[in-house]
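Architecture and fold: a report
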Amino acid sequence: MEAKHSKMKKWVIIISTLFTIHIASAVGLLYVQNMMIYIMNISVAVVFGVFVFKMLKETDSHAVNLEQEIRKHKETFEELEASKIKLQNVFDSIDVAIWSHNLQTNKLLITSGIEKLYGYPLEAFYDDVDLWKKVIHPDDLNIIEKRALEIENGVVATSEYRILRPDGEIRWIHDRGIPFLNEKKELIDFNSILIDITERKRAEMTIEHMAYFDELTGLPNRNGFMETIEQQMKEADLKQGNIALLYLDLDRFNVLNDTLGHSFGDLLLQKVANLLKLTIGDKGKVFRRSGDEFIILLDFLDESEVESIAEDIIFSFTKPFLLSGQEVFTTPSIGISLYPGNGSDSDTLLKRADSALYLAKERGRNTYQFFTEQRDGKMERRLNLEHGLRKALKNDELFLVFQPQVQFHTKKILGVEALLRWDKEEEGMISPAEFIPIAEETGMILPIGEWVLKNACLQGVEWYKKGYSDLLISVNISVRQLLEESFVEKVESILAETHFPPSALELEITESTTMQSMDETLPVLHRLRLNGIRISIDDFGTGYSSLTYLRKLPVDTLKIDKMFIDDILTDTKAGAIVKTIIDMGHNLNFHVIAEGIESSEQIDFLLEQGCLFGQGYHFYKPLKPEELENILQENMVIN
């Protein structure tokens, strides 16, 4: 453009000069009648005409170019406007809002998505720039204060807080604030991206409640108990106080359950839970451990206070329970252990209260007993198992069975879970639920766990040699193994020694124990994944179940615990919980497997929710290697 103006200026100067010469020659001709001056005048006029023609031509060309340039600018402007409209349509179609505030010019830009999130009209936020802050839930204002400090210091701040909409509804907002500072470290511009995460938060809270509270009675469950007792022991240590643990069991509950039916049994447990809460009041806390077992925690100064409450509980059971118009009587037996006198940790207190409960049963039921070392039959049993467990490896009493994992629609066996069994000398089969906790507590789980992993890999190699190269083998790993410094090296050594491919190995970790030691176990799990080993969370839903933790864990598979699968056909809440776990697992790109499947109706339900894999007695019980091999020979397909 500047070149064109320069060229035009040149033409004007030339024409002006010629015109001046022409005027001068014309004047001269008036005074001097000379042929030469006349000829020069004519020549100048001709040249002048030529230059005027060229100038007009250039001007016309310049006008055409200018018109083209204006058209281009117009087209560009129209494209920008179209892009702006498209971008606005995208923002309007999603539950996301963008807030941009230039503090130097005080120019504020807010996208219309904020109306969906907050329930207020867009203009309200321009009229009152602090409106977004005024609707934040009072309990979350401290989050905003902390966030403001980070923003002032130029730190990108990510916050999650609740807001109150005009209709009273509470919504969760994920707010990512991006500040811009000048050279003087002063905040000059601020952008914020707001996303509605209410549904995600509801899913988290559902799973968290499911992890800490009993579905049937509404009481805190065993996880809630473990968290509470740890806190109470710390407080007792500070105040030099005492805690009583009352372990309560309903006498002959199984007979009542079988006679009256499970629905009556569930109703009785609900009535018992309400009775215990009413009897204990604010003197302590009531928990449901499992089945017909309840736990009560009490702070006390004198042992007589504990005796008085135990007697109150037993007396409260003298009245019948009214179940659907039918009177039902039941009685409790109670075992009591004291902190710190009977143990310094929750596991020991539980075991000793259980031992005392066993003594109360022996003494005729419907009574209570304090823990005593002299009559601790449970302890004798425990010591017997512990002693036998130390010899089990040497005596070849341990062996593995394998339970297949099945793809529902093809019925193909995709993998197997290795399970430990103990055939104790002179006693026979011992339940894993009985001996594995002892192995954990004594540290025997370390050599036993190493034996399990090695033998599972050796068996896998045998199957691979026979052509079953697609079979995935899952092995349960204790948190004590994960916390062992040399665990990864031991796994690598076993894989190298057995020549078992790492990609065919899946290590199963329990949810609650792993997440209690997140800082220690996370690096170990990442190292295992770098070796190509898959990671699975076993018994999912029974522990912490926090999405924050799940996002950090290098996990491939979630296994839904059997306790949630059992009731999916009869309890709509249980079905909704399972659906939530499946959806969450898929959203996090996890492989989801349902455990404990016992009917085809359960499979139909799981398929409807998008779960495609499972294991349980409906397909196969845990099998010995030779039994499983016979099935694998049938093209890995269930008839």
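Residues numbered from 1 in each chain as written. Predicted model: local features only at pLDDT ≥ 70, side-chain atom pairs only at ≥ 80, totals over all residues. Heavy atoms only, no water.

Another point: the overall build of the chain. Within the chain one finds 24 helices and 21 strands. Going through the 639 residues of the chain one by one, you find that 44% of them count as buried. Look at the contacts in the chain between residues 6 or more apart in sequence, and 64% of them connect residues 24 or more apart. If you sum the accessible surface of the chain, you get close to 34,200 Å²; carbon and sulfur atoms cover 54% of it. (Helix = DSSP H or I, 4+ residues; strand = E, 2+ residues; numbered from the N terminus. Buried < 20%, exposed > 50% of the residue type's maximum accessible area, 1.4 Å probe, protein only. Contact = heavy atoms within 4.5 Å. Areas by Shrake-Rupley, 256 points an atom, 1.4 Å probe, with all protein chains shown as cover.)

Using the criterion set out here, one finds one cavity of 30 Å³ or more in the structure. In this structure, the largest cavity occupies an estimated 70 Å³ of space. Residue lining of the largest cavity: Leu446, Glu450, Leu453, Gln481, Glu484, Phe487, Lys490, Val491 and Ile494, and that is the complete set. Every element with two or more residues in the lining of the largest cavity is listed here: α15 (445-465) and α17 (487-498). (1 Å grid on protein atoms, 1.4 Å probe; cavity = no way out; pocket = protein on both sides within 12 Å on 5 of 7 lines; lining within 4 Å. Points joined across faces, edges and corners; volume = space filled by probe spheres on them.)

The next point concerns the sheet that holds strand β5 (residues 187-196). If you trace the five strands from one edge of the open sheet to the other, you get β2-β1-β5-β4-β3, paired in antiparallel fashion. The outermost strands of the open sheet, each flanked by one partner alone, are β2 (107-110) and β3 (157-164). Across the sheet, the axes of successive neighbouring strands diverge by a mean angle of 20 degrees, strand direction being ignored. Relative to β5, strand β4 (residues 170-181) runs antiparallel, the two being bridged by nine bridges. Within β5, the residue paired with Ile178 across the bridge is Asn191. The strands that helix α6 (residues 141-152) touches are β3, β4 and β5; relative to β3, the one it contacts most, it runs at about 145 degrees. Seen against the sheet, helix α7 (residues 198-212) touches β3, β4 and β5 and runs at an angle of roughly 120 degrees to β4. (Pairing = 2+ DSSP bridges. Axes fitted to C-alpha atoms, helices over the stretch in contact; angles between N-to-C directions.)

With 18 residues, helix α8 (residues 222-239) should reach 26 Å at 1.5 Å per residue; the first-to-last C-alpha distance of 25 Å fits that figure. Taken together, the buried positions of α8 are Asn223, Gly224, Phe225, Thr228, Ile229, Gln232, Met233 and Ala236. In this structure, the buried side of α8 is in contact with α7, β6 (242-250), β7 (284-290), β8 (293-300), β11 (332-339) and α12 (346-362). The N-terminus of α8 is capped by Asn221, whose side-chain oxygen sits 3.1 Å from the backbone nitrogen of Asn223. Gln240 occupies a position one or two residues after α8 and carries a positive phi of about 55 degrees. (Expected span 1.5 Å × (residues − 1). Polar contact = N/O pair within 3.5 Å; in protein donor to acceptor, adjacent residues only side chain to side chain.)

In this section: the packing of aromatic side chains. The final tally for this structure, using the stated rule, is 10 aromatic pairs. With centroids separated by 6.5 Å and ring planes inclined at 90 degrees, the aromatic side chains of Trp99 and Phe125 adopt a geometry described as edge-to-face. A residue pair is termed long-range when its members are at least 10 positions apart, and Trp99 in strand β1 (residues 96-102) and Phe125 in helix α4 (residues 122-127) qualify at 26 residues. The two residues Trp99 and Phe125 agree in class, both being buried. Residues Phe225 and Phe287 carry aromatic rings whose centres are separated by 5.5 Å and whose planes lie at 75 degrees to one another, so their mutual orientation is edge-to-face. With a gap of 62 residues between them, Phe225 in helix α8 and Phe287 in strand β7 connect regions that are remote in the sequence. On the basis of relative accessible area, Phe225 is assigned to the buried category, the value being 1%. By relative accessible area, which is 2% here, Phe287 ends up buried. Among the aromatic side chains, those forming a connected cluster through ring pairs are Trp99, Tyr118, Tyr120 and Phe125. Sitting over the face of the ring of Trp172, Lys201 holds its NZ or CZ atom 4.6 Å from the ring centroid. One cation-aromatic arrangement involves Lys624 over Phe399; the distance from NZ or CZ to the ring centre is 5.8 Å. (Phe/Tyr/Trp six-rings, centres within 6.5 Å; stacked < 30°, edge-to-face > 60°. Lys NZ or Arg CZ within 6 Å of the ring centre and 35° of its normal.)

Moving on to the layout of surface pockets. Computed from the structure, the second largest pocket encloses a volume of approximately 910 Å³. As for the second largest pocket, its lining consists of 30 residues, and the residues nearest its centre are Asp214, Leu216, Arg288, Met563 and Asp567. The set of elements that each furnish at least two residues to the lining of the second largest pocket consists of α7, α8, α9 (253-260), α10 (262-280), β7, α21 (562-565) and α22 (572-587). Taken together, the residues of the lining of the second largest pocket break down into 10 nonpolar, 10 polar and 10 charged. (Nonpolar A, V, L, I, M, F, W, Y, C, P; charged D, E, K, R; others polar.)

The strand order β7-β8-β6-β11-β12 describes an open sheet built from five strands, whose pairing is mixed. Because the sheet does not close on itself, it has two edges, and the strands there are β7 and β12 (368-370). In this sheet, adjacent strand axes meet at a mean angle of 20 degrees when their direction is disregarded. By the bridge criterion, eight bridges tie β6 to β8 in an arrangement that is antiparallel. Residue pairing in the sheet places Asn242 in a bridge with Phe300 of β8. Packed on one face of the sheet, α8 meets β6, β7, β8 and β11 and runs near 145 degrees to β7.

Once that is clear, we can look at the pairing of β5. Buried residues dominate β5, accounting for seven of its 10 residues. When β1 meets β5, the two strands line up antiparallel, connected through seven bridges. Bridge assignment links Ile98 to a residue of β5, and that residue is Ile193. Here β4 hands over to β5 after five residues, with Lys185 in that stretch at a positive phi of 65 degrees.

On to the nonpolar core, then. In this structure, Trp463, Val475, Leu507, Leu528, Val578 and Leu606 are the most contacted members of the largest nonpolar core, which totals 80 residues. Take this core: its biggest share by element is eight residues, from α15. When near neighbours in sequence (up to four residues on either side) are disregarded, Leu507 contacts Leu453, Val475, Ile477, Phe487, Leu528, Ile533, Arg534, Ile535 and Ser536. Within the second largest apolar cluster, 32 residues are counted, among which are Ile280, Leu298, Ile314 and Ile334. (Core = buried A, V, L, I, M, F, W, Y, C linked by side-chain atoms within 4.5 Å.)

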